[in-house]
Amino acid sequence: MKRTKDLSSPIFTRATRGGDRLSSPFAKNFRVDEWKEALEEAEGNERDVKLCMSAIFFGNQVSSLRDRHIKRIFKDISKRSALILAVGSANRNYFALIRDFRERQAERAKSKDSSPFHLMEIGKAGSQIAPQENMSPDDLVTAIVDTLPHWFFEAKELSDDREPIGTDFGLLELRAGWALSVESGLRDLWMSALWEGRELKGDGEGLTFGPADRELDGYWYASQMRTEAALWGPLALFHDLPEDRDDTQDIRSVFVSRLRGGRTGLAFPKPSGGRLQKLNETLGVLERSYIGDYLDVPIEVAGSEISMRLLIKALWVLGELGAAMRLNIRARIIRGYRDAREFSLRVSKKDCVRVFRECLGIEESFAASVLSQLVLSPDDTGKCFKEGVWLHPLVELDEEHVMIVMPSVDVGTKTRFVERTLTELLGPDLTKAKSLGGTFEKGTRKRVQAALAGNKIIDDFACLPHAINKVSEGGEEIDLLFRIGRRVIVGELKCLIAPNESIERYSHLSKLEEAAGQARRKAEWLSKNKHLVEDALDVDGAEIEITPMVILNQRIGSGLVIDEVVITDVFLLELFAGDGSYSSGAAMTKGRKAVAFETFYTTQKEAEDAIQDVFSSPPPLRPFIEGIEWVNVEFPAAFGKIRLETPRLKDGALVTPDLETAADIFSLDEALSKSFEAKELLAKGK
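It should be emphasised that the depicted structure is a prediction, and the values quoted were computed from it without experimental measurement. (Residues numbered from 1 in each chain as written. Predicted model: local features only at pLDDT ≥ 70, side-chain atom pairs only at ≥ 80, totals over all residues. Heavy atoms only, no water.)

### Here's the deal with the overall build of the protein
Point 1. Scanning the protein from terminus to terminus reveals 24 helices and 20 strands.
Point 2. Among the 686 residues that make up the protein, the fraction classed as buried is 53%.
Point 3. Look at the contacts in the protein between residues 6 or more apart in sequence, and 69% of them connect residues 24 or more apart.
Point 4. Summing over all exposed atoms, the protein offers an accessible surface of approximately 32500 Å²; the carbon and sulfur share of this is 50%. (Helix = DSSP H or I, 4+ residues; strand = E, 2+ residues; numbered from the N terminus. Buried < 20%, exposed > 50% of the residue type's maximum accessible area, 1.4 Å probe, protein only. Contact = heavy atoms within 4.5 Å. Areas by Shrake-Rupley, 256 points an atom, 1.4 Å probe, with all protein chains shown as cover.)

Structure (structure tokens):
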């Protein structure tokens, strides 16, 4: 599996750092000649050659796209209209996607197909309105939102003069949507070439762009799928047991009415049970994730201290406001400026502050701070492309108005929203924030200690309830030290934001490599100072085996092995320490549930021997790894054709034999029940 050192090269350094820096293929001042010169100099260095070829290819693609399409599309439209059309188009496409998704779910419910399926397959299934094959609803929403910064980039240079009366906004939306989504996709491909080593490959059928290392690419994909399943699995399993929460009982919804003179009327009724349950479930998911430790940390924004919990509630309120405004949209498609304005969900900042204040029951200063955090200036190009609309779903139209981007509010995972907001405000390594890193370290020690104490199989164990501080030159600081029998674990605890994009994965892998080196060094130090282990864990130093391990606060990175050091996550560690088996899935039908279990170990010795295997190949991750298949998807390039080699889950890959057995039992029960009912009817007929 590739490491960051495999990506490092002279050209990579020039493309990512200062000094003699090469221009980006997406920069307006992109100079293809300097990349061609770099290619000549790179002869013999495979990584540099492939990186130069990618830069030249994508640079030419982008230049052609801008010259032949984008410049012509925007030449006769004003800046304000372009912004309104951008957000209006995003919302209209999203509303159409919702209708399509609901229709397909209704068709599935009516169908007689009773074959079992995994809940993760629902959001990954194809869409009837997708512009190309193998695009799921999740892919479409991502494309809709990620294209917006490209709209804003073009709008920034436009005139304030109004476009001619009769401008066909529908045609403009269609042409701009295609061109800018292609540009957005090309940017993502270039970033993956730069930061993850993806490369162009030629064959008899044309160009294919794919990973140089399928193993690592597949791991990132599977790890993300496992994370999503772990977050939403409990919610799906216990959906029929909605939780009551004290912290949302007083929250209000919003109703929007049109008054005479174009004025807007606002009312604040109690939300319906279903709508409130959505917020309660979201908060529950966050609290069960590693994000739970950071939901109530006060962070100063625009003069007031606000929390992630408050921002999550504010997003829910925005969803209520957008849904209420949607009811007043008369158009089904965009033909003219008025249609685009309706779909843009334009609202005054003054009304936004009032809505936050009334719905959340907070003071005006806090409501203003919430608004400040959620607003994105489309003129701030760097921020648009860095944090984007996922993080700031209120796009500023002018000094008095913003527009609501509904796919960002409704669909964007709130875990990722909190992660990115924390990254923006505090940085990606939360371990460096003493209050946050310290909380994670103390909490992990308590969780491991409590899990071992409650384990009915493991009876020979010990866990140090505190860290070992560095007391002398040449000494080491140990975050977590515990043993199961003779196996001693030296844990290096890292509190990191989960990565999502290419550059983030590169940075994440770099941090994991550094952490693995630290864990290995500390384990070697303890091996030379076994008396510390003997005193701390009440064990004979001559019998122990010391194992270094990196323990993360989240699941992305768990299961990697770097320089023989296993990376794991606190959730898997707690599962393993707490019991010899765990719930690996559940089958559900008509209010009934059957839970499948997987065994880690059945004896103390098996537990000791299983540590390396379980954490280097996590059972919860394994079905996602084994369920991957690689497909080629045609990408709509500016010129020529290019196929993307990309991972996806095979149909039914996550339906394990145990779950199939459980589903078969349900089917058998239903068949027997129907047979019994038929016999009763026949008996009565006689």
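After presenting the structure, the write-up continues.
### Notes on unusual backbone geometry
Backbone phi values are negative for most residues with the exception of glycine, while trans is the configuration of most peptide bonds.
Point 1. Its identity as a non-glycine residue notwithstanding, Asp-563 has a phi of 50°, on the positive side.
Point 2. Structurally, the position occupied by Asp-563 is in the loop between strand S15 (561-562) and strand S16 (565-569).

### Quick notes on the packing of helix H10 (residues 308-326) against helix H17 (residues 414-426)
In a pair of packed helices, the angle between the axes and the distance between the axes together describe the arrangement.
Point 1. H17 packs onto H10 with a crossing angle of 130° between their chain directions and a minimal axis gap of 11 Å. The angle between H10 and H17 places the two elements in the oblique class. For the crossing formed where H10 meets H17, the hand is right-handed. Residues Met-308, Leu-311, Ile-312 and Leu-315 of H10 lie in contact with H17, whose contacting residues are Lys-414, Phe-417, Val-418, Thr-421, Leu-422 and Leu-425. (Axes fitted to C-alpha atoms, helices over the stretch in contact; angles between N-to-C directions. Parallel < 35°, antiparallel > 145°, perpendicular 65-115°, else oblique. Left-handed = near helix turned anticlockwise from the far one by under 90°.)

### Description of the sheet that holds strand S8 (residues 375-376)
Point 1. One open sheet accounts for 4 strands, arranged S7-S10-S9-S8; its pairing is mixed. A single partner strand is all that each edge strand has here, and the edge strands are strand S7 (346-348) and S8.
Point 2. Across 3 bridges, strand S9 (residues 394-396) lies against strand S10 (residues 401-404) in antiparallel orientation. Bridging across to S10, Leu-394 finds its partner in Ile-404.
Point 3. On the sheet, H10 packs against S7, S9 and S10 and is oriented at approximately 90° with respect to S10.
Point 4. The strands touched by helix H12 (residues 349-360) within the sheet are S7, S9 and S10, with S7 carrying the most contacts at an inclination of about 75°. (Pairing = 2+ DSSP bridges.)

### What about empty space enclosed by the protein?
Point 1. The tally for this structure, following the rule as stated, stands at 2 cavities of 30 Å³ or more.
Point 2. Looking at the second largest cavity, its volume works out to about 100 Å³.
Point 3. As for the second largest cavity, its lining consists of Lys-2, Arg-3, Leu-7, Trp-195, Glu-196, Leu-216, Asp-217, Trp-220, Arg-505, Tyr-506 and Leu-509.
Point 4. Breaking the lining of the second largest cavity down by element, the ones donating at least two residues are helix H7 (169-196), helix H8 (214-237) and helix H19 (502-528).
Point 5. When grouped by side-chain class, the residues that make up the lining of the second largest cavity number 6 nonpolar, no polar and 5 charged. (1 Å grid on protein atoms, 1.4 Å probe; cavity = no way out; pocket = protein on both sides within 12 Å on 5 of 7 lines; lining within 4 Å. Points joined across faces, edges and corners; volume = space filled by probe spheres on them. Nonpolar A, V, L, I, M, F, W, Y, C, P; charged D, E, K, R; others polar.)

### Observations regarding a negative patch on the surface
Point 1. There is a patch of like negative charges on the surface, built from Asp-33, Glu-37, Glu-40 and Glu-41.
Point 2. Examined against the element boundaries, Glu-41 turns out to sit in helix H3 (residues 32-41). (Patch = residues over 30% accessible without salt bridge, like charges linked within 9 Å, V, L, I, M, F, W, Y side chains within 5 Å. Salt bridge = Lys/Arg side-chain N within 4 Å of Asp/Glu carboxyl O. Lys, Arg positive; Asp, Glu negative; His and termini not counted. Charge placed at Lys NZ, Arg CZ, Asp CG, Glu CD.)

### Quick word on the packing of aromatic side chains
Point 1. The full count for this structure, using the stated rule, is 17 aromatic pairs.
Point 2. Plain terms: the ring middles of Phe-74 and Trp-151 are 5.8 Å apart, the flat faces sit at 90° to each other, and that makes the pair edge-to-face. One end of the pair, Phe-74, is in the loop between helix H4 (46-73) and helix H5 (79-110); the other, Trp-151, is in helix H6 (residues 137-155), and 77 residues separate them in sequence. The two residues Phe-74 and Trp-151 agree in class, both being buried.
Point 3. Taken together through their ring pairs, the aromatic side chains of Phe-576, Tyr-582, Phe-600, Tyr-601 and Phe-615 make up a single cluster.
Point 4. The residue whose ring lies beneath Arg-162 is Tyr-337, and the NZ or CZ to ring-centre distance is 4.8 Å.
Point 5. Over the face of the ring belonging to Phe-571 we find Arg-555, whose NZ or CZ atom lies 4.1 Å from the ring centre. (Phe/Tyr/Trp six-rings, centres within 6.5 Å; stacked < 30°, edge-to-face > 60°. Lys NZ or Arg CZ within 6 Å of the ring centre and 35° of its normal.)

### With respect to the pattern of salt bridges
Point 1. Overall, the coordinates contain 43 salt bridges when judged by the stated rule.
Point 2. A salt bridge links Glu-34 to Arg-31; the shortest N-O distance between them is 2.9 Å.
Point 3. Classification of Arg-31 by relative accessible area gives partly exposed; the value is 42%.
Point 4. For Lys-605, the salt bridge is made with Asp-609, and the minimal N-O distance between the two is 2.7 Å. Of this pair, Lys-605 and Asp-609 both sit in helix H22 (residues 604-616), 4 residues apart, roughly one helical turn.
Point 5. Judged by relative accessible area, which is 53%, Lys-605 ranks as exposed.

### Comments concerning H17
Point 1. Taking 1.5 Å per residue as the helical rise, H17 with its 13 residues ought to reach 18 Å, and the 17 Å between its terminal C-alpha atoms agrees with that figure.
Point 2. Three or more residues of H17 are buried, namely Lys-414, Thr-415, Phe-417, Val-418, Glu-419, Arg-420, Thr-421 and Leu-422.
Point 3. Backbone geometry just downstream of H17 places Gly-427 in the positive-phi region, at approximately 105°. (Expected span 1.5 Å × (residues − 1).)

### Description of H7
Point 1. Its 28 residues give H7 an end-to-end C-alpha distance of 39 Å, which sits within 8% of 40 Å, the value for a rise of 1.5 Å per residue.
Point 2. You can read the cap of H7 off the contacts: a side-chain oxygen lies 3.0 Å from the backbone nitrogen of Gly-170, and it is on Asp-168.
Point 3. In the segment just after H7, Gly-197 is the residue with positive phi, at about 80°. (Polar contact = N/O pair within 3.5 Å; in protein donor to acceptor, adjacent residues only side chain to side chain.)

### Quick look at the environment of Leu-97
Point 1. Along the chain, Leu-97 turns up in helix H5.
Point 2. In this structure the C-alpha to C-alpha distance between Leu-97 and Leu-140, which are 43 residues apart in sequence, comes to 8.3 Å.

### Describing the nonpolar core
Point 1. Grouped together as the largest cluster of nonpolar side chains are 183 residues, with contacts concentrated most on Trp-35, Phe-74, Phe-152, Phe-356, Leu-374 and Ile-404.
Point 2. With sequence-adjacent residues up to four places away left out, Phe-152 is seen in contact with Leu-83, Ala-86, Leu-376, Pro-378, Cys-384, Val-389 and Val-395.
Point 3. Counting 15 residues, the second largest nonpolar core, distinct from the first, contains Ile-478, Trp-525, Leu-526 and Ile-544. (Core = buried A, V, L, I, M, F, W, Y, C linked by side-chain atoms within 4.5 Å.)

### Concerning the packing of helix H9 (residues 273-288) against H10
Point 1. Following both chains from N to C, one finds H9 and H10 inclined at 150°, their axes separated by 11 Å at the closest point. Between H9 and H10, the angle is such that the two are roughly antiparallel. Considering how the two elements wind past one another, H9 and H10 form a crossing that is right-handed. For the pair formed by H9 and H10, the contact residues are Arg-275, Leu-276, Leu-279, Thr-282, Leu-283, Leu-286 and Glu-287 on the first element and Arg-309, Ile-312, Lys-313, Trp-316, Gly-319 and Glu-320 on the second.
Point 2. Residues belonging to the contact of H9 with H10 are distributed by class as follows: 6 nonpolar, 2 polar and 5 charged.

### Side note on the environment of Gly-438
Point 1. Considering the arrangement of structural elements, one finds Gly-438 in helix H18 (residues 434-453).
Point 2. Separated by 55 residues in sequence, Gly-438 and Leu-493 have C-alpha atoms that sit 10.0 Å apart.

### Here we look at the confidence of the model for the protein
Point 1. Averaged over the protein, the pLDDT score is 85; the fraction of residues at 70 or greater is 84%.
Point 2. For the stretch residues 235-241, pLDDT sits under 50, and the model shows 11 contacts to residues farther than four places along the chain or on other chains. (pLDDT = per-residue confidence, 0-100.)

### Remarks on the sheet that holds S16
Point 1. Reading across the sheet, the 6 strands line up as S11-S12-S13-S14-S16-S15 and stay open at both edges, with mixed pairing between neighbours. The open sheet has two edge strands with one neighbour each: strand S11 (461-463) and S15.

### Observations concerning the environment of Glu-534
Point 1. Within the element layout of this structure, Glu-534 appears in helix H20 (residues 530-537).
Point 2. Distance from Glu-534 to Ile-544, taken between C-alpha atoms, is 9.4 Å for residues 10 residues apart in sequence.

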